[in-house]
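# What the coordinates show
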Amino acid sequence: NSELKTQLSKAEVDESFYAIKQRVSSLYFAFMLSQQQIQITNELINTLDKKLAEIEAGVKQGVIREDGKYVLEAEKLQAQQDLSNQEFQAESIAKMLNVLTGLEINAEFDLEKPQAIIPDQVNRGQLKVFELQAQAAEQGKEVLKKNRMPMINAFGQAGYGKPGLNMLMNEADTWYMVGAAVSWNIFDWNSSKRKRQQLAVQQEMIDNSKEQFLYQLNTEKQQYEVEIQQYQTALQNDEEIIALRKKITEDFSSQLKQGTVNSSAYIEELFKEQTAKITKQIHEIKLNQAQVSLQILMER
């Protein structure tokens, strides 16, 4: 009926938003990652500026060779170029988000970290679609069954005339007639059989599609759960790695200031510390993304 068709259309529209939600989620976290890279690159540039000031003072004092300053200046220029590329990437992602969401954000927009609430059971709109499709097929069976049953039509007629129903009497009289008629199309057995077969095949296709959908969903669910566990485990070590890298960088910074190591050695350790920080940020964002993706996968 029309109400069932309306419900089915609504359920199909709801499910169609799933791909859009996943796309927006992917862009959202890519934007967050770009912002984190921009922040860490800015920190690197500030660190290089401070170290350049120390190097110049050491060069004037004759403690550090002047070529050490060139290494730091070259790395600062590279970091500034990286920063420009990262800001361009963030702006590009922001524009795509704006198109999909109607927002007006830019590279400096402060995004909040979403809190994922993962449901205990699947509540996707596609399950509603399968349910309504099954109801429509069942209704088709009922309609077909009713159409195969004999139809009884009652009728009645009354009047007043001269003569009445008795044609032998030349007098005016009231009259009435009642009766019943039975109609039964006995020649459409093949047509009904084909329709029943079509409905049976349709029901089987719905069941198979639902089974395949749940199988695929469960596979993706397990993948996200593995990712969540993976990133949670990685984050347990990230803080310790960063702390150790920071100590090493500070030690090399002190040695560079004293002229006992060159700028290249210091830069190498500084980049290792930066890499450790970026890795931690990636793990945090990827963990959050896996949790949100799992929520989107499970809910309508």
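Residues numbered from 1 in each chain as written. Predicted model: local features only at pLDDT ≥ 70, side-chain atom pairs only at ≥ 80, totals over all residues. Heavy atoms only, no water.

Axis separation between helix 2 (residues 67–101) and helix 5 (residues 263–298) bottoms out at 8 Å; the angle between their running directions is 30°. Comparing their axes, helix 5 and helix 2 come out roughly parallel. For the pair helix 2 and helix 5, contact is made by Gly68, Lys69, Val71, Leu72 and Glu75 and by Ser263, Ser264, Tyr266, Ile267 and Phe271, respectively. Along the lines of polarity and charge, the residues of the contact of helix 2 with helix 5 split into five nonpolar, three polar and two charged. (Axes fitted to C-alpha atoms, helices over the stretch in contact; angles between N-to-C directions. Helix = DSSP H or I, 4+ residues; strand = E, 2+ residues; numbered from the N terminus. Parallel < 35°, antiparallel > 145°, perpendicular 65-115°, else oblique. Contact = heavy atoms within 4.5 Å. Nonpolar A, V, L, I, M, F, W, Y, C, P; charged D, E, K, R; others polar.)

To continue, consider helix 2. For helix 2, which comprises 35 residues, the first-to-last C-alpha distance of 51 Å matches the rise-based estimate of 51 Å (1.5 Å per residue) to within 8%. Buried within helix 2 we find Gly68, Lys69, Leu72, Ala79, Leu83, Gln86, Ala90, Ile93, Ala94, Leu97 and Asn98. Lining the buried residues of helix 2 we find helix 1 (2–61) and helix 5. The positive-phi residue at the C-terminal boundary of helix 2 is Gly102, with phi of around 80°. (Expected span 1.5 Å × (residues − 1). Buried < 20%, exposed > 50% of the residue type's maximum accessible area, 1.4 Å probe, protein only.)

It is worth spelling out the side chain of His283 at this point. Tracing the sequence through the fold places His283 in helix 5. Of the residues examined, His283 reaches a relative accessible area of 16% and is grouped as buried. Of note is the side chain of His283, whose polar atom sits 2.7 Å from the side chain of Asp238. Non-local contacts of His283, meaning those with residues more than four positions away in its chain, are made with Tyr231, Ala234, Leu235 and Asp238. (Polar contact = N/O pair within 3.5 Å; in protein donor to acceptor, adjacent residues only side chain to side chain.)

Attention now goes to the layout of surface pockets. Size it by volume and the largest pocket reaches roughly 280 Å³. Lining the largest pocket are 16 residues, and of these Thr47, Thr249, Leu270, Glu273 and Lys277 lie nearest its centre. Contributions of two or more residues to the lining of the largest pocket are made by helix 1, helix 4 (189–258) and helix 5. It is helix 1 that contributes the most residues to the lining of the largest pocket, seven residues altogether. Looking at the lining of the largest pocket residue by residue, the classes come out as four nonpolar, four polar and eight charged. (1 Å grid on protein atoms, 1.4 Å probe; cavity = no way out; pocket = protein on both sides within 12 Å on 5 of 7 lines; lining within 4 Å. Points joined across faces, edges and corners; volume = space filled by probe spheres on them.)

A separate point is helix 5. The end-to-end C-alpha distance of helix 5 is 52 Å, a good match for the 52 Å that 36 residues give at a rise of 1.5 Å each. N-cap assignment for helix 5: the residue whose side-chain oxygen lies 3.3 Å from the backbone N of Ser264 is Asn262.

For the rest of this paragraph, the subject is the confidence of the model for the protein. On average, residues of the protein score 82 in pLDDT, and 81% of them reach the 70 mark or higher. The secondary structure element of the protein with the lowest average pLDDT is strand 1 (residues 151–161), at 54, and the one with the highest is helix 5, at 92. (pLDDT = per-residue confidence, 0-100.)

A separate point is a nonpolar patch on the surface. Nonpolar side chains collect at one region of the surface, where Val13, Phe17, Ile20 and Leu100 lie side by side and expose about 330 Å² of accessible area between them. In terms of residues, the nonpolar patch owes the most to one element, helix 1, which gives three residues. Within the fold, Phe17 resides in helix 1. (Patch = residues over 30% accessible without salt bridge, like charges linked within 9 Å, V, L, I, M, F, W, Y side chains within 5 Å. Areas by Shrake-Rupley, 256 points an atom, 1.4 Å probe, with all protein chains shown as cover. Salt bridge = Lys/Arg side-chain N within 4 Å of Asp/Glu carboxyl O.)

Judged by nonpolar contacts, the single largest core of 42 residues is most densely connected at Phe31 and Leu72. Filtering out sequence-adjacent residues up to four positions away, Leu72 remains in contact with Leu48, Lys51, Leu52, Ile55, Ser263, Tyr266 and Ile267. In terms of nonpolar packing, the next biggest core, distinct from the first, is built from five residues, Leu8, Ala11, Val129 and Leu132 among them. (Core = buried A, V, L, I, M, F, W, Y, C linked by side-chain atoms within 4.5 Å.)

Attention now moves to the pattern of salt bridges. Oppositely charged side chains can pair when the atoms bearing their charge come close. Scanning all chains against the criterion turns up 10 salt bridges. Its salt-bridge partner being Lys51, residue Glu54 comes within 2.6 Å of it at the nearest N-O pair. Within this pair, Glu54 and its partner Lys51 are both found in helix 1, separated by three residues, close to a single helical turn. Among the ionic pairs, Lys280 bridges to Glu284, the shortest N-O distance being 2.6 Å. Residue Lys280 and its partner Glu284 are located together in helix 5, separated by four residues, close to a single helical turn. Residue Lys280 is classed as buried on the basis of its relative accessible area, which comes to 12%.

Any two packed helices are characterised by how steeply their axes cross, that is the angle between the axes, and by the distance between the axes. Two numbers describe how helix 1 lies on helix 2: the axes approach to 8 Å, and their chain directions differ by 160°. As summarised for this structure, helix 1 and helix 2 are arranged roughly antiparallel, according to the angle between their axes. The handedness of the crossing between helix 1 and helix 2 comes out as left-handed. (Left-handed = near helix turned anticlockwise from the far one by under 90°.)

Counting through the fold element by element, Gly140 comes out in helix 3 (residues 125–148). Look at Gly140 and you get partly exposed, because its relative accessible area is 23%. Along the backbone, Gly140 and Arg196 are 56 residues apart, and their C-alpha atoms lie at a distance of 8.8 Å.

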